[in-house]
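# Structure assessment
Listed below are the residues making up each chain.
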Amino acid sequence: MKECFDNEDEAKRSNGSIWFNDLKRKRTKGPSLNNNRYDTFNIATKAVHAGQYDDPLTKALGTPIYQSSTFYLSEDEYGSIHEGRARDEMIYTRYGNPSQWAVQEKISALENAESTIVFASGMAAISSAIFSIMDKSAHMITSRDLYGGTYNLLYEDLQRFGMSVSFVSPTNIDEIEEAITDDTKLLYFESLTNPLLKLVPIEELVALGKKYKLRVVIDNTFLTPYNLRALELGVDLVINSGTKYLGGHSDLVSGAVSGSRKLMDGVWGQMLKNGGSLDPHACFLLERSLKTFALRMKTHNQNAKELAVFLENHPKIKRIYYPGSESHPQYDLSLNMLQGNCSGMLSFEIIGGNEAAHKLSDNLKLAKQATSLGGVESLISLPYNTSQASLTKEQRKAIGINDGLVRLSVGVEDIEDLISDFDRVLNTL
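I will try to describe carefully the structure that is included in this document. Note that the structure is a prediction, hence the values are computed from the model and not measured. (Residues numbered from 1 in each chain as written. Predicted model: local features only at pLDDT ≥ 70, side-chain atom pairs only at ≥ 80, totals over all residues. Heavy atoms only, no water.)

## Description of the overall build of the protein
Summing up its helical and strand segments, the protein has 18 helices and 12 strands in all. Computed over the C-alpha atoms, the radius of gyration of the protein is 23 Å, within 12% of the 22 Å expected from 2.2 N^0.38 for a compact globule of 429 residues. Taken along its principal axes, the extent of the C-alpha atoms in the protein is 90 × 55 × 35 Å. Residues counted as buried form 53% of the 429 residues belonging to the protein. Pairs at least 24 apart in sequence give 72% of the contacts found in the protein among residues at least 6 apart. Within the structure as shown, the protein displays about 19800 Å² of accessible surface, and the carbon and sulfur contribution to it stands at 50%. Counting 45 positive and 54 negative side-chain charges, the protein places the averaged centre of each group 1 Å from the other. (Helix = DSSP H or I, 4+ residues; strand = E, 2+ residues; numbered from the N terminus. Rg over C-alpha atoms; globule rule 2.2 N^0.38 Å. Buried < 20%, exposed > 50% of the residue type's maximum accessible area, 1.4 Å probe, protein only. Contact = heavy atoms within 4.5 Å. Areas by Shrake-Rupley, 256 points an atom, 1.4 Å probe, with all protein chains shown as cover. Lys, Arg positive; Asp, Glu negative; His and termini not counted. Charge placed at Lys NZ, Arg CZ, Asp CG, Glu CD.)

In structure tokens, the structure reads:
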């Protein structure tokens, strides 16, 4: 039965057009405890100051640790729940906590993002970001060269939710485009792949996303916002493992997702269901660590560059994988996209295969044999039995992980000491 209205305005209001335009509330950046992101300053200054909350009551310098699970409720909090703005009020620590807000604002400042959410792990950040975009029957495209934890999530679990994934070369835009279907919703890639350090052509990915109306999500853990701010290139969401370079001291586990406030509100809703919120004390550790972020990254970058030159010219090394080296097939892209700053990650193949790689790892004094990366200490590992251990030998060979491949996270030690240590052990093999 057709409805009758007294005038045109009433008719428009019934279908929502005027109601929508009459809405006064808009999405804002944050949420935040203050509005000073130090936007006009450089990255080292932002790392020190942005997001910090100086408590006006105690006048303590630095954000206190708000080790509380819940907060007093008033009309404002009840109203925020009713009006769908609970993310902007303190209600319950899984929803938000002052310690979370402070470090989130610091990361937003570093990424030039409207909003950030911190998580209890990098995988919590990855899963929440992906599932905030994907739905039943949706399809996504990602890299064959993928962190093992992410690969397992996509290969083993997506099908349980009625979703699908295609694995492609991260450097071949034509292959990526050919994999797009009517159900594709997401292009998900690592800016610098693990462990072969291939650069993803992000601007071309973004162009594909715009052409086919797809979301583009980049895991920027290896490069960090110090070397690459992917959101400025048009990416929709950027992910960082806070466990790695952001934390930088091998003493906390965390993750972060940054992007527009609109998309991040969707990630926040997914985080509430997944339950991966970051504990206030870990937030304190992460915020404290980020104050030296720029100092650390500058040294990581320089040390890796110098150690790469040494290893590439050593007779016991078959090949290095480092985009800052002229021998890397994407050297020109690294100059254009990264201005030659390629982080502290370096991989290489050693003559003698896995046996020689184990002897090297076992006998180095400075590089510690451990998984993870991005700490102030150099960390060395063999991808075949760590980050890519879940892949079969055939799968590893298909993506280029050969026997004798070593992944090195170059720390901030004196570079002369690192080179001397590697030279000493390599000459005994």
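## A look at the packing of aromatic side chains
Evaluation of the coordinates by the stated rule reveals eight aromatic pairs. Ring centres 5.8 Å apart and planes at 80 degrees place the aromatic pair Tyr 95 and Trp 268 in the edge-to-face group. One end of the pair, Tyr 95, is in the loop between α4 (75-83) and α5 (98-111); the other, Trp 268, is in helix α12 (residues 261-274), with 173 residues separating them in the sequence. On the basis of an interplanar angle of 80 degrees and a centroid distance of 6.5 Å, the ring pair of Phe 348 and Phe 422 is categorised as edge-to-face. (Phe/Tyr/Trp six-rings, centres within 6.5 Å; stacked < 30°, edge-to-face > 60°.)

## Section: the sheet that holds strand β4 (residues 184-190)
Sheet architecture is open: seven strands sit in the order β1-β7-β6-β5-β4-β2-β3, paired in mixed fashion. Each edge of the open sheet carries a strand with a single partner, namely β1 (115-119) and β3 (164-168). Pairs of neighbouring strands in the sheet enclose a mean axial angle of 20 degrees, with direction left out of account. Both β1 and strand β7 (residues 255-259) contribute to a ladder of five bridges, which runs antiparallel. Looking across to β7, one finds that Phe 119 is bridged to Gly 255. (Pairing = 2+ DSSP bridges. Axes fitted to C-alpha atoms, helices over the stretch in contact; angles between N-to-C directions.)

## Here we look at the environment of Glu 204
Take Glu 204: it is sitting in helix α9 (residues 202-212). For Glu 204, a relative accessible area of 44% gives the class partly exposed. For the pair formed by Glu 204 and Gly 259, sequence separation is 55 residues and the distance between their alpha carbons is 19 Å.

## Focus on the nonpolar core
Leu 311 and Phe 422 are the most contacted members of the largest nonpolar core, which has 76 residues in total. A total of seven residues in this core trace back to one element, the largest contributor, which is helix α14 (residues 293-312). Grouped together as the second largest cluster of nonpolar side chains are 38 residues, Leu 196, Val 217, Tyr 321 and Ile 401 included. (Core = buried A, V, L, I, M, F, W, Y, C linked by side-chain atoms within 4.5 Å.)

## Looking at the sheet that holds strand β8 (residues 317-321)
Strand order in this open sheet of five strands is β8-β9-β12-β11-β10, and the pairing throughout is mixed. Because the sheet does not close on itself, it has two edges, and the strands there are β8 and β10 (368-369). The sheet contact formed by strand β9 (residues 345-350) and strand β12 (residues 405-409) spans five bridges and is antiparallel. Note on β12: the bridge partner recorded for Met 345 is Ser 409. Set on the sheet, α14 makes contact with β8, β9 and β12; between it and β9 the angle comes to about 10 degrees. Helix α16 (residues 353-363) rests against β9, β10, β11 (379-381) and β12 of the sheet, and its axis sits at about 130 degrees to β9.

## Structural notes on a negative patch on the surface
On the surface, Asp 174, Glu 178, Glu 203 and Glu 204 cluster together into a patch of negative charge. At the level of elements, α8 (173-178) and α9 are the ones that each hand at least two residues to the negative patch. (Patch = residues over 30% accessible without salt bridge, like charges linked within 9 Å, V, L, I, M, F, W, Y side chains within 5 Å. Salt bridge = Lys/Arg side-chain N within 4 Å of Asp/Glu carboxyl O.)

## So, a nonpolar patch on the surface
Together, Leu 73, Tyr 78 and Ile 81 give the surface a local cluster of nonpolar side chains, amounting to about 310 Å² of exposed area. With respect to the helices and strands, Ile 81 occurs in helix α4.

## A word on the pattern of salt bridges
Within the structure shown, the criterion is met by 16 salt bridges. Residue Arg 160 pairs with Asp 157 through a salt bridge whose shortest N-O separation is 3.7 Å. Residue Asp 157 is classed as partly exposed on the basis of its relative accessible area of 22%. A salt bridge links Glu 355 to Lys 359, with the nearest nitrogen and oxygen atoms 3.7 Å apart. One end of the pair, Glu 355, and the other, Lys 359, are both in helix α16, four residues apart, so they sit about a helical turn from each other. In this structure, a network of salt bridges that share partners links the residues Arg 87, Asp 88, Arg 261 and Asp 265.

## Brief notes about the pairing of strand β2 (residues 139-143)
Counting buried positions over the five residues of β2 gives five, a clear majority of the element. One crossover worth recording links β2 to the parallel β3 by way of helix α7 (residues 148-157), and it is right-handed. As defined by bridge partners, β2 adjoins β4 across four bridges and the pair is classed as parallel. Bridge pairing links Ile 141 to Leu 187 in β4. (Right-handed = clockwise from strand over helix to strand, strands pointing away.)

As far as function goes, none of this settles anything; it's purely spatial.
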